[in-house]
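Here is how the chains run, residue by residue.
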Amino acid sequence: MNREEIFDFVENEFGVLPEYLWAKFPSYAVLRNNTSKKWFALIGSVELKKLGINKEGRADVMVIKEDPIMIGTLIHQKGFYPAYHMNKEHWISVCLDGSVTDEVICNMLHTAHEMAF
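Residues numbered from 1 in each chain as written. Predicted model: local features only at pLDDT ≥ 70, side-chain atom pairs only at ≥ 80, totals over all residues. Heavy atoms only, no water.

## A word on the overall build of the protein
Within the protein, the secondary structure is distributed over three helices and five strands. What you see for the protein is a C-alpha radius of gyration of 13 Å, in line with the 13 Å of a compact globule of 117 residues. Projected onto its principal axes, the C-alpha coordinates of the protein cover approximately 40 × 35 × 25 Å. Within the protein, buried positions represent 44% of all 117 residues. Restricting the contact set of the protein to residue pairs at least 6 apart, pairs at least 24 apart contribute 43%. In the form shown here, the protein has an accessible surface area of approximately 6600 Å², with 52% of it arising from carbon and sulfur atoms. (Helix = DSSP H or I, 4+ residues; strand = E, 2+ residues; numbered from the N terminus. Rg over C-alpha atoms; globule rule 2.2 N^0.38 Å. Buried < 20%, exposed > 50% of the residue type's maximum accessible area, 1.4 Å probe, protein only. Contact = heavy atoms within 4.5 Å. Areas by Shrake-Rupley, 256 points an atom, 1.4 Å probe, with all protein chains shown as cover.)

As structure tokens, this is what we get:
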């Protein structure tokens, strides 16, 4: 999934629209639970080196809330990285380059949205 597909998914599933909170970072969008107002995901464009990838360039990344036990498992799989700029115990980065299936991303969004209540 790319960022627009994720935005369509969360709008259809949860009635959530992306919020752009920072003028300095116009590509960063927060996804927030409408009831609790807590964040459950953040999508932005990140330098690959900030993810620990030894390449030049940027990638769209979703930083998403996740169960710490699942983070321990996911972090060893392709497309998953330690949370960029968030608590690494409760958040994980997902590279939106096609390396993680749409099904996995959708399941993670459901989990994250529930965790944000």
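Additional details are given in the paragraphs that follow.
## Description of the pattern of salt bridges
As enumerated under the stated definition, the model contains four salt bridges in all. With a shortest N-O distance of 3.9 Å, Glu47 and Arg58 are connected by a salt bridge. Within this pair, whereas Glu47 is found in strand β2 (residues 39–47), its partner Arg58 is found in strand β3 (residues 58–65), the two being separated by eleven residues in sequence. (Salt bridge = Lys/Arg side-chain N within 4 Å of Asp/Glu carboxyl O.)

## Brief notes about the environment of Leu109
Looking at the secondary structure, you find Leu109 in helix α3 (residues 102–115). Taking the relative accessible area as the measure of exposure, Leu109 reaches 0% and is therefore buried. Through-space distance from the C-alpha of Leu109 to that of Glu66 is 9.0 Å; in sequence the pair is 43 residues apart.

## Quick look at the packing of aromatic side chains
Enumeration according to the criterion identifies four aromatic pairs in this entry. Geometrically, the ring pair formed by Phe14 and Phe40 is edge-to-face, given 6.0 Å between the ring centres and 80 degrees between the ring planes. Taken together, the positions of Phe14 in helix α1 (residues 3–14) and Phe40 in strand β2 put the pair 26 residues apart, joining distant regions of the chain. A relative accessible area of 0% places Phe40 in the buried class. Measuring from centroid to centroid gives 5.8 Å for Trp22 and Trp39, while their planes differ by 75 degrees, and the two rings are edge-to-face. In this pair, Trp22 sits in the loop between α1 and β1 (29–32) while Trp39 sits in strand β2, placing the two residues 17 residues apart along the sequence. The class of Trp22 is partly exposed, set by a relative accessible area of 33%. (Phe/Tyr/Trp six-rings, centres within 6.5 Å; stacked < 30°, edge-to-face > 60°.)

## Some details on α3
With 14 residues, α3 should cover 20 Å at 1.5 Å per step; its first-to-last C-alpha distance of 20 Å lies within 8% of that length. The set of residues buried in α3 consists of Ile105, Cys106, Met108, Leu109, Ala112 and His113. Down the axis of α3, the buried set is contained in an arc of 160 degrees. They therefore lie on one face. Turned more than 90 degrees from where α3 packs its buried face, Glu103 and Glu114 sit exposed. Lining the buried residues of α3 we find α1, β2, β3, α2 (68–74), β4 (80–82) and β5 (91–95). (Expected span 1.5 Å × (residues − 1). Arc of directions from axis to C-beta.)

Limitation: the analysis is restricted to geometry and does not speak to function.
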